[in-house]
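# Observations on the three-dimensional arrangement
Below are the chains, spelled out letter by letter.
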Amino acid sequence: MSTLKPAAVRRVAVIDGSRIPFARSDGPYATASNQEMLGAALDGLVERYGLHAPGAVGEFVAGAVLKHSRDFNLARETVLGSRLDARTPAYDIQQACGTGLQAVVAAANKIALGQTESAVAGGADTASDAPLGVNDNLRKVLLEARRAKSPGARLRALAKVRPGHLVPDIPRNAEPRTGLSMGEHAAVTARAWGVTREAQDELAAASHQRLAAAYERGLFQGLVVPFRGLARDQNLRPGSSTEKLASLKPVFGLDRPEPTMTAGNSTPLTDGAALVLLASEEWAAERGLEPLAYLSAYETAAVDFVHGDVADGEDGLLMAPAYAVPRMLERAGLGMADFDLIEVHEAFASQVLATLAAWEKRGLAPVDRSRLNVAGSSLATGHPFAATGARIVATLAKLLAERDAPGRGLISVCAAGGQGVTAVLERP
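Small disclaimer: the values here were computed from a predicted structure and weren't measured. (Residues numbered from 1 in each chain as written. Predicted model: local features only at pLDDT ≥ 70, side-chain atom pairs only at ≥ 80, totals over all residues. Heavy atoms only, no water.)

### Section: the packing of aromatic side chains
- Tallied over the full model, the rule gives three aromatic pairs.
- With a centroid separation of 5.0 Å and 70° between ring planes, the pair formed by Tyr29 and Phe227 is classed as edge-to-face. One end of the pair, Tyr29, is in the loop between β2 (23-24) and α1 (34-49); the other, Phe227, is in the loop between α7 (197-216) and α8 (242-245), and 198 residues separate them in sequence. Judged on exposure class, the residue Tyr29 and its partner Phe227 are both buried.
- Taking 4.6 Å as the distance between ring centres and 45° as the angle between the ring planes, the aromatic pair formed by Tyr215 and Phe220 counts as tilted. Of the two residues, Tyr215 and Phe220, neither departs from the other in class, the shared state being buried. (Phe/Tyr/Trp six-rings, centres within 6.5 Å; stacked < 30°, edge-to-face > 60°. Helix = DSSP H or I, 4+ residues; strand = E, 2+ residues; numbered from the N terminus. Buried < 20%, exposed > 50% of the residue type's maximum accessible area, 1.4 Å probe, protein only.)

Structural data, given as structure tokens:
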């Protein structure tokens with residue numbers, strides 16, 4: 001009996017990225033759908049690299065967290081509405097705020113195993129066009145009417161409709177298991193780790209200042225595709241400072257004394273899309289393209305934020321990267337000193353600081369702040385949930401290439417549901 005030989009694992013190259021500027025919800029993209037935003041980012045890559053030809057891209061992988069029923073086949077519909085060849089296979093993926101990075105990992109695995117030569121991966125989200133569900137009581141009445149066997153039975157079912165049934169089911173930014181918003185969970189973690197207001201505001205101000213500087217030096221040239229009148233991230237505040245942020249009132253953790261989390265040191269609701277072009281070394285060489293970097297490791301983790309050690313901060317909602325990163329680095333034989341750049345998703349400034357403290361507690365060396373989020377991150381760009389991972393991958397890859405020297409970068413993304421997705425990029 002013949003057996004298949006295991007495929008040799010190949011290096012996966014990050015060729016480039018493409019995203020639209022991120023916008024605050026109910027702003028410039030208020031009427032833009034996930035598909036439209038994702039399509040704009042995708043077309044940016046297609047035009048830049050001439051990906052119109054049949055088979056130019058082996059696969060398209062993308063997702064969204066806030067999806068309408070019409071988005072059930074979002075990735076495939078995006079391909080069909082784009083300039084990419086319509087015969088390109090596509091599928092959806094979703095892991096809350098880790099969606100964009102998990103899409104990159106899924107595509108990278110197929111390239112590494114030789115199942116495809118190239119792929120585009122990422123995600124999009126719109127908080128402006130969030131789906132409104134039918135009131136559950138009204139839904140039950142309508143289903144009863146649909147199942148009715150006679151006109152009379154149908155009328156009797158519909159007669160059960162009451163004015164209160166017409167109130168829509170509006171999405172809530174809350175964990176189903178706890179009823180607490182992500183911000184309230186983060187406030188619990190901030191208290192547990194003793195994160196100060198001053199430290200949060202310093203990190204938030206630095207994020208804006210560094211993002212502004214990155215735009216000024218042209219880091220995002222070609223990486224950010226203008227969309228609906230925006231050429232830069234709308235949330236960016238170049239003049240942000242700790243003094244200005246200190247004047248804002250807390251918005252989370254108000255049930256306890258001295259709350260520290262404000263709108264300024266937390267990410268706003270945001271609309272946007274981001275993608276990454278991945279390929280084998282052979283695919284890149286055939287086209288004369290020099291990869292920006294290579295994906296060399298990735299890891300996911302989850303914590304029990306419902307029954308775990310939440311009070312002491314160990315199993316807070318967004319603490320999974322505190323477990324994923326040490327595990328990934330141990331497997332790869334790496335330590336914090338081996339990284340030139342470190343990208344930690346800034347869901348909240350307090351969460352970044354708690355994660356850094358947790359890594360130290362687990363035996364990792366302290367993070368050199370001059371290497372942390374050197375081009376700003378989510379506090380300045382905003383955070384369209386499924387787009388953030390791809391944004392970070394593309395930004396870090398370009399930062400590594402910009403150095404024009406061998407280097408290594410770490411990515412850490414926390415996600416709703418007590419999950420985390422992490423990865424390592426290298427430039428030989």
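### Re α7
- For α7, built from 20 residues, the straight-helix expectation of 28 Å at 1.5 Å per residue is met to within 8% by its first-to-last C-alpha distance of 29 Å.
- Among the residues of α7, those classed as buried are Arg197, Gln200, Asp201, Leu203, Ala204, Ala205, Ser207, His208, Leu211, Ala212, Ala214 and Tyr215.
- Those residues of α7 hidden inside the fold are in contact with β1 (12-19), α8, β6 (250-252), β7 (261-262), α11 (349-361) and α12 (378-381).
- Downstream of α7 by one or two residues, Gly218 has phi in the positive range, about 85°. (Expected span 1.5 Å × (residues − 1). Contact = heavy atoms within 4.5 Å.)

### Here we look at the nonpolar core
- Residues Leu278, Leu295, Ile411 and Leu425 are the most contacted members of the largest nonpolar core, which totals 49 residues.
- Ranked by residues supplied to this core, first place goes to helix α13 (residues 388-403) with nine residues.
- Discounting chain neighbours no more than four positions away, the residues touching Ile411 are Leu101, Glu343, Ile392, Val393, Leu396, Val421, Thr422, Ala423 and Leu425.
- Counting 35 residues, the second-largest nonpolar core is a separate cluster that includes Leu38, Leu51, Leu84 and Ala279. (Core = buried A, V, L, I, M, F, W, Y, C linked by side-chain atoms within 4.5 Å.)

### Topic: the packing of helix α10 (residues 321-332) against α11
- Orientation of α10 relative to α11, taken along the N-to-C sense of each, is 45°, at an axis distance of 9 Å. With respect to α11, the axis of α10 lies oblique. Remark: the crossing between α10 and α11 carries right-handed chirality. On the side of α10, the interface is formed by Pro321, Ala322, Val325 and Pro326, while α11 contributes Thr355, Ala358 and Trp359.
- Of the residues contributing to the contact of α10 with α11, the split by class is six nonpolar, one polar and no charged. (Axes fitted to C-alpha atoms, helices over the stretch in contact; angles between N-to-C directions. Parallel < 35°, antiparallel > 145°, perpendicular 65-115°, else oblique. Left-handed = near helix turned anticlockwise from the far one by under 90°. Nonpolar A, V, L, I, M, F, W, Y, C, P; charged D, E, K, R; others polar.)

### Looking at the pairing of strand β5 (residues 118-125)
- Of all eight residues in β5, eight are buried, a share of seventy percent or more.
- Residues Ser118, Val120, Gly122 and Ala124 point to one face of β5 and Ala119, Ala121, Gly123 and Asp125 to the other, with burial holding for every one of them.
- For strand β3 (residues 60-63) and β5, the ladder comprises four bridges, and the chain directions are parallel. Bridging from a neighbouring strand, Ala62 pairs with Gly122 of β5. (Pairing = 2+ DSSP bridges.)

### Notes on helix α4 (residues 136-147)
- Taking 1.5 Å of rise per residue, the 12 residues of α4 would be expected to cover 16 Å, and the 17 Å separating its terminal C-alpha atoms lies within 8% of that figure.
- Among all positions of α4, only Leu138, Val141 and Ala145 are buried. Angular distribution of buried residues about the axis of α4 spans 60°; they occupy a single face of the element.
- On its buried face, α4 sits against α5 (151-158). (Arc of directions from axis to C-beta.)

### What to know about the packing of helix α3 (residues 99-112) against α13
- Their axes nearest at 5 Å, the elements α3 and α13 cross at an angle of 65°. Where α3 abuts α13, its residues Gly100, Leu101 and Val104 lie against Gly389, Ala390 and Val393.
- By residue class, the composition of the contact of α3 with α13 is four nonpolar, two polar and no charged.

### Regarding unusual backbone geometry
- For Asp26, which is not glycine, the phi torsion reads 60° and is therefore positive.
- Structurally, Asp26 is set in the loop between β2 and α1.

### Remarks on the pairing of strand β8 (residues 270-280)
- Burial of β8 is extensive: 11 of the 11 residues sit out of reach of the surface.
- Of the two faces of β8, the one holding Thr270, Gly272, Ala274, Val276, Leu278 and Ser280 and the one holding Asp271, Ala273, Leu275, Leu277 and Ala279 are both buried throughout.
- With seven bridges connecting them, β1 and β8 associate as antiparallel partners. Note that in β8 the partner of Gly17 across the bridge is Val276.
- Pairing of β2 with β8, which is carried by two bridges, proceeds in the antiparallel orientation. Counterpart to Ala23 in the pairing with β8 is Asp271.
- Across eight bridges, the pairing between β5 and β8 is antiparallel. The residue of β8 that forms the bridge with Ala121 is Val276.

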